[in-house]
Amino acid sequence: MRARIAGTGSCLPKLRVTNDDLGRVMDTSDEWIRSRTGIGARHLAVEETTTSMSVSAARKAMEEAGIQPEELELIIGATVSADHVVPPLSCEVQRELGAVHAAAYDLCAACSGFVFALNTAQAYIRSGMYRKILIIGAETLSKLMDWQDRSTCVLFGDGAGAAVVCADADGGVLAGVQGSDGAKGMVLACAGRPVNHPFASHAADLQYVQMNGQEVYKFAVRTVPMCIDQALLKAGIQPEQVKLFLLHQANLRIIEAVAKRLKQPMEKFPVCLEECGNVSAASVPILLDRVNRDGMLKRGDCIVLAGFGAGLTWGAVVLTW
Ligand code: UT7
């Protein structure tokens, strides 16, 4: 048995903030953001929460898959920005859906989170432990941004994507790879809550996302083609056989560099970063849902999903639709 994606869904907050909107409240411009990243807008949560966006995305994925909440056996939430430290996002989604028979937990692999969740789902399904799994990538990154730091806050957005993954005898995940390099973790970091008990001699401030953009860029253009090559080799698939490469949406220049390294045309690399910015773990499932709902995928098509980001972490999955 393999893990086959049986339904997808996504949700963006209502508020759409363009580069020009940002230029009115901070020292930046559409020209700077667009030329360096390809981002034109992002959606930012106001009323929405990581949970509410996840539930909305999950309901759409379950509807397409024809799955009732009670049938779900496992929910994996991939996020770095859950609404609470505890309970986990996945448990909040379970409550809202009424998925009473599911186990639920979150995994934290930043922008690689959804790909790690899919690899995890595949491992469970191959082992026979579960047959019907909901995986979610969801973020409210706007909470973690320093809105005084124009070098990071203009890049990220909020949103959620979900997929129902079912055991299937023909089709589904052919191969997956994933990796991490904790030694380089501080090039993209966000501190947790500071120690603040009465016996501490220091009181640290709340910290926000900090990034060495050029180091992350170099890491991405080196690592993403490498892990896609590894996954394709493991699956016995040539790049030419792949219909679409759905990459984490951080920067159009990174996607172009990966396409060039793989010697594949940019038409095979759909993007949603122009509209959504970088939504970390939600980027890949939002893009997957858009491509699916635009009718770009037919049963049997071979696609590659790839993520990279904080940790550092990276991963790729080769699958048939
Ligand atoms: O999901 C995780 C993934 N994260 C990534 O993939 C990020 C990868 N890295 C990148 O995408 C790029 O490195 C960035 C888009 C983050 C930055 O592009 P860059 O070409 O590396 O620009 P830079 O950091 O070298 O900044 C150049 C200049 C600086 O000014 P000076 O010192 O040269 O005068 C910055 O102060 O651009 C300035 N700057 C800005 N100007 C206008 C930085 N942010 C902004 C801004 N608007 N928002």
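See the structure above.
The following paragraphs examine the structure supplied in this document.

Criteria and cut-off values
Residues numbered from 1 in each chain as written. Predicted model: local features only at pLDDT ≥ 70, side-chain atom pairs only at ≥ 80, totals over all residues. Heavy atoms only, no water. Near = heavy atom within 4 Å. Polar contact = N/O pair within 3.5 Å; in protein donor to acceptor, adjacent residues only side chain to side chain. Areas by Shrake-Rupley, 256 points an atom, 1.4 Å probe, with all protein chains shown as cover. Helix = DSSP H or I, 4+ residues; strand = E, 2+ residues; numbered from the N terminus. Nonpolar A, V, L, I, M, F, W, Y, C, P; charged D, E, K, R; others polar. Axes fitted to C-alpha atoms, helices over the stretch in contact; angles between N-to-C directions. Parallel < 35°, antiparallel > 145°, perpendicular 65-115°, else oblique. Left-handed = near helix turned anticlockwise from the far one by under 90°. Contact = heavy atoms within 4.5 Å. Salt bridge = Lys/Arg side-chain N within 4 Å of Asp/Glu carboxyl O. Buried < 20%, exposed > 50% of the residue type's maximum accessible area, 1.4 Å probe, protein only.

Focus: the site of the ligand
Here is step 1 of the chain: By nearness alone, 23 residues border the ligand, and Thr28, Gln214, His248, Asn251 and Asn278 come closest of all.
Here is step 2 of the chain: Side-chain polar atom of Gln214 to an oxygen atom of the ligand: 2.7 Å apart, as the coordinates give it.
Here is step 3 of the chain: Interatomic distance of 2.7 Å between a side-chain N/O atom of Asn278 and an oxygen atom of the ligand.
Here is step 4 of the chain: Compared with its free state, where it exposes 960 Å², the ligand has 71% of that area covered by protein.
Here is step 5 of the chain: Listing elements by their share of the shell around the ligand, those giving two or more residues are helix 2 (30–37), helix 6 (150–153), helix 7 (213–235) and helix 8 (252–261).
Here is step 6 of the chain: Element by element, the count of residues in the shell around the ligand is highest for helix 7, at four residues.
Here is step 7 of the chain: Grouping the constituent residues of the shell around the ligand by class yields 11 nonpolar, eight polar and four charged.

With respect to the packing of helix 3 (residues 50–65) against helix 4 (residues 89–97)
Here is step 1 of the chain: Running from N to C, helix 3 and helix 4 point in directions that differ by 60°, and their axes come no closer than 9 Å. Overall, the two elements helix 3 and helix 4 adopt an arrangement that is oblique. When you trace helix 3 past helix 4, the crossing you get is right-handed. Where helix 3 approaches helix 4, its residues Thr50, Thr51, Ser54, Val55, Ala58, Arg59 and Met62 are matched on the opposing element by Leu89, Glu92, Val93, Glu96 and Leu97.
Here is step 2 of the chain: Class assignment for the residues of the contact of helix 3 with helix 4 results in six nonpolar, three polar and three charged.

Structural notes on the environment of Leu233
Here is step 1 of the chain: Structurally, Leu233 can be placed in helix 7.
Here is step 2 of the chain: On a C-alpha basis, the gap between Leu233 and Val318 in space is 9.8 Å, while along the polypeptide they are 85 residues apart.

Topic: the pattern of salt bridges
Here is step 1 of the chain: The final tally for this structure, using the stated rule, is 16 salt bridges.
Here is step 2 of the chain: Between Glu274 and Arg34 there is a salt bridge; the shortest N-O distance is 2.7 Å. One end of the pair, Glu274, is in helix 9 (residues 273–276); the other, Arg34, is in helix 2, and 240 residues separate them in sequence.
Here is step 3 of the chain: Linking Asp83 and Lys143 is a salt bridge whose minimum nitrogen-to-oxygen distance equals 3.8 Å. A residue pair is termed long-range when its members are at least 10 positions apart, and Asp83 in the loop between strand 4 (74–78) and helix 4 and Lys143 in the loop between strand 6 (132–140) and helix 6 qualify at 60 residues.
Here is step 4 of the chain: By relative accessible area, Lys143 is classed as partly exposed at 39%.
Here is step 5 of the chain: Taken together, the salt bridges that share partners define one network made up of Arg4, Asp168, Asp170 and Arg299.

Some points on helix 4
Here is step 1 of the chain: Among the residues of helix 4, Leu89, Ser90, Glu92, Val93, Gln94 and Leu97 are the ones counted as buried.
Here is step 2 of the chain: As for helix 4, its buried residues are in contact with helix 3, strand 4, strand 5 (103–107) and strand 6.
Here is step 3 of the chain: Immediately downstream of helix 4, the backbone of Gly98 shows phi near 75°, a positive value.

Keep in mind these numbers describe shape, not what the thing actually does.
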